[in-house]
Amino acid sequence: MANSDENQEGEQLKDLTFEELGLDPRLIRALTKKNIQNPTPIQQIGIPLILEGKDVVARAKTGSGKTFAYLLPLLQKLLSDNNNNSKAVAPTAMILVPSRELCQQVYSEVLSLIELCRVQLKVVQLTGEPSFSDMAAALAGPPHILVSTPACVQRCLSSGVLKATSIQDSLSILVLDEADLLFTYGYEKNLKDLKTHIPIKCQCLLMSATSSEDVESLKKLYLHNPYILTLPEVGDAKDEIVPKNVQQFWIQCSERDKLLHILAILKLDLVQKKVLIFTNTIDTGFRLKLFLEQFGIKSAVLNAELPVNSRLHILEFMFQGFNAGLFDYLIATDDSDSKEKEKMDGDNQTEKKKSKKHKKRKLDSEFGVVRGIDFKNVQTVVNFDMPASAAGYVHRIGRTGRAFNTGQSISIVSPDEMEIFDEIKLFLGGDEDSDVTHIAPFPLLEKNAVEFLRYRAEDVARSVTKIAVKEARAQDLRNEILNSEKLKAHFQENPRDLALLKHDKLLSKKAPAPHLRDVPEYLLDPTTQQASKFVKLTRAAMGRNNNNGNRGFKGRSKKAGDPLKTFSAQGKGMKRKAKGKEFGPKQKKKQDM
Ligand SMILES: Nc1ncnc2c1ncn2[C@@H]1O[C@H](COP(=O)(O)OP(=O)(O)OP(=O)(O)O)[C@@H](O)[C@H]1O
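Residue indices follow the written sequence of each chain, beginning from 1 at its first position. Where totals are concerned, whole chains, interfaces and linings use all residues; where local detail is concerned, this predicted model gives features only for residues with pLDDT of at least 70, and gives and counts side-chain atom pairs only at 80 or more. To obtain the side-chain values, all non-hydrogen atoms of the structure were used and water was disregarded.

Asker: Quick question: what am I supposed to make of the pattern of salt bridges here?
Answerer: Between side chains of opposite charge, a pair can form as their charged atoms come close. Put simply, a salt bridge is a Lys or Arg side-chain nitrogen that is within 4 Å of an Asp or Glu carboxyl oxygen. In total, this model carries 16 salt bridges according to the counting rule given. Across the pair E293 and K289 runs a salt bridge whose closest N-O atoms are separated by 3.4 Å. Residue E293 and its partner K289 are both found in helix 12 (residues 282–293); the two are separated by four residues, about one turn of the helix. Each member of the pair, E293 as well as K289, carries the same accessibility label: buried. Note that K425 is salt-bridged to D422, the shortest N-O span being 3.6 Å. Within this pair, K425 and its partner D422 are both found in helix 17 (residues 418–427), separated by three residues, close to a single helical turn. Judged by relative accessible area, which is 22%, K425 ranks as partly exposed. Each of R256, D257, E451, R454 and E458 takes part in one network of salt bridges that share partners. Helix and strand labels come from DSSP, where a helix needs a run of H or I of at least four residues and a strand needs a run of E of at least two; each type is numbered from the N terminus. Only protein chains enter the accessibility calculation, which uses a 1.4 Å probe. A residue is then buried if its area is under 20% of the maximum for its type, exposed if over 50%, and partly exposed in between.

The following block contains the structure:
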């Protein structure tokens, strides 16, 4: 291993097993039950260092398995400390994340590992603004692990439920997950204040997909002589930003034609489901939902305005793999990116106006679906609106192609967004003076096919007025508040009963017309028909090869059947990528997570 404070780039990865990393057999058994057999690169390097007690900064791309890289050694330490824990007066380990959604995800992951290990470790999660009694109940014991946000821990401290001296006495591991987002979410002061209570002996771990000044500041603030891990993968540093198992495409069109183009790719079945679609505002999300509804395409909209129970239910539903089969399309408002934008353009007047307009509606400051959320079964990410930053792009498309899975992204780019699109291409390693790019034109959409839908699309788009959007947004909120009440009561008893409530209810006042719902096949040009058949066949094959019916393309055979890989992409970067090494040292082994 490299010396401390040295970058690990260039270090050769051996194909180590979890046993060889020194993991406790109970944890390995738990992983086996989850069908996880081989460590990812970040786990291979990170786990032994963390077990040794080092402070670590881990920077590895989205979906590379950073959560287990810190959770497994953290649990192992707690397992071996368990007998000595009786004197603890505060949590022994604290995991701080930027959003409530992430908190729920990490908490579920820890709980499931603990249950599978059959050990007596207590984990609690605290987010938002819990009451004094909720905080007291959660921290009584105390729990071994607290998963929370920095603001919520601050609340526990200032209310006196958590004593600074207790943290000093008990805390031995602190994890700052999605570190690059913690300041963006406004936790800078909380984190600076909290630092004064962290004991010097406490091991600190900092996990992040991208590097930034914020990560640097946090590193300086919390870590002592840390190991900096950057994955030793092939290619230059820029190659490491995006997982190689995500194929990136783009479509150029006018702002006005965006609805038409997304309709074409979804309606003509040119992409694999499940599809996660990003918009930059809640209104655009609802506009898109109303528009697609008229063509018989049902979707749910996930945004900061929804009650927390509904949001967590939608996400839990995604985590469980859409097995209840209620919706294939999720439209997410990329709030973290707009937060970043707001932070960057602090004095931008448009942003100020926007936030004034939405002042009446209460948005959850701890909402975030883009960063870190593990959408296991998302095959396709669509950028309906381009993100405000290149880092935002990386995080969005990182919601597909997780771990050993593959996925694709399609960005629909209008002339106004070309500047940020060029910035993204440069960020990914494109060359300004040549046509080398990692993002290729989407090969399956023929101009004829788009034009064939134009008349209907424009007609429906006109009917989706601002008032219709406003009403739909209010209606959805009312539905979800009702859902939320039912969810609260029901899911306390039946936490796994996911099919109870629908989040994709129709919001349009008029039902979709039959002639819009069905596209007669004979009207389509042969190329589009062929492309659509390919995608359907692949989907059917994936279903057959898959016992639980919810996994992505995996292994070589499925990749060979992926129509997006049988069509040749244009960009040189894509060709280079196709030849390049696959993700992780065990890529040839079939994994079934
Ligand atoms: N060794 C492994 N083998 C197979 N799957 C794994 C392995 N480790 C983790 N996974 C799975 O990979 C997925 C992505 O992992 P994780 O959420 O930790 O990624 P991440 O690096 O934190 O991504 P992000 O930066 O987007 O938060 C999860 O579904 C997880 O269960």
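Asker: Explain the nonpolar core to me, please; I cannot follow it from the model alone.
Answerer: As a rule of thumb, nonpolar side chains are buried together in soluble globular proteins. Side-chain atoms within 4.5 Å link the members of a nonpolar core, which is a set of buried Ala, Val, Leu, Ile, Met, Phe, Trp, Tyr and Cys residues. Judged by nonpolar contacts, the single largest core of 58 residues is most densely connected at F18, Y70, L72, I95 and I145. Broken down by element, this core gets its largest block of residues, nine residues, from helix 3 (residues 66–81). Any pair of residues with heavy atoms lying within 4.5 Å of one another is described as a contacting pair. Apart from the residues lying within four places of it in its own chain, the contact partners of F18 are L23, I28, L31, I36, Q37, N38, P39, Q43, I47 and L72. Formed by 45 residues, the second largest nonpolar core is a distinct cluster that contains L288, V301, A449 and V460.

Asker: Got a minute to help me understand the sheet that holds strand 12 (residues 380–383) in this structure?
Answerer: As a general point, the strands of a sheet are linked pairwise by backbone hydrogen bonds and lie either parallel or antiparallel. Here a strand pair is declared whenever DSSP counts at least two bridges between the two strands. Within the open sheet, the seven strands sit side by side as 10-11-9-12-13-8-14. Their pairing is parallel. A strand with exactly one partner marks an edge of an open sheet, and here the two such strands are strand 10 (299–302) and strand 14 (439–441). Strand after strand, the sheet turns through a mean of 25° between neighbouring axes, direction not considered. In terms of strand pairing, strand 8 (residues 246–252) meets strand 13 (residues 407–413) through seven bridges, oriented parallel. Bridging across to strand 13, F249 finds its partner in I410. Sitting on the sheet, helix 11 (residues 258–267) touches strand 8, strand 9 (275–279), strand 11 (329–333), strand 12 and strand 13, and the angle it makes with strand 13 is about 155°. For every element, the axis is a line fit to its C-alpha atoms; helices are fit only across the contacting stretch, and the angle between N-to-C directions ranges from 0 to 180 degrees.

Asker: How do you make sense of the sheet that holds strand 3 (residues 123–126) when you look at a structure like this?
Answerer: Reading across from one edge, 3-4-2-5-6-1-7 is the order of the seven strands in this open sheet, with parallel pairing throughout. Each having just a single partner strand, strand 3 and strand 7 (227–230) make up the two edges of the open sheet. Between one strand axis and the next, the sheet turns through 15° on average, direction left out of account. Sheet topology note: the strand 5 (residues 173–176)/strand 6 (residues 203–208) ladder contains four bridges and is parallel. Its bridge partner lying in strand 6, L176 is registered against L206. Packing of helix 3 onto the sheet brings it into contact with strand 1 (56–59), strand 2 (93–96), strand 4 (145–148), strand 5 and strand 6, and relative to strand 6 it is tilted by some 160°.

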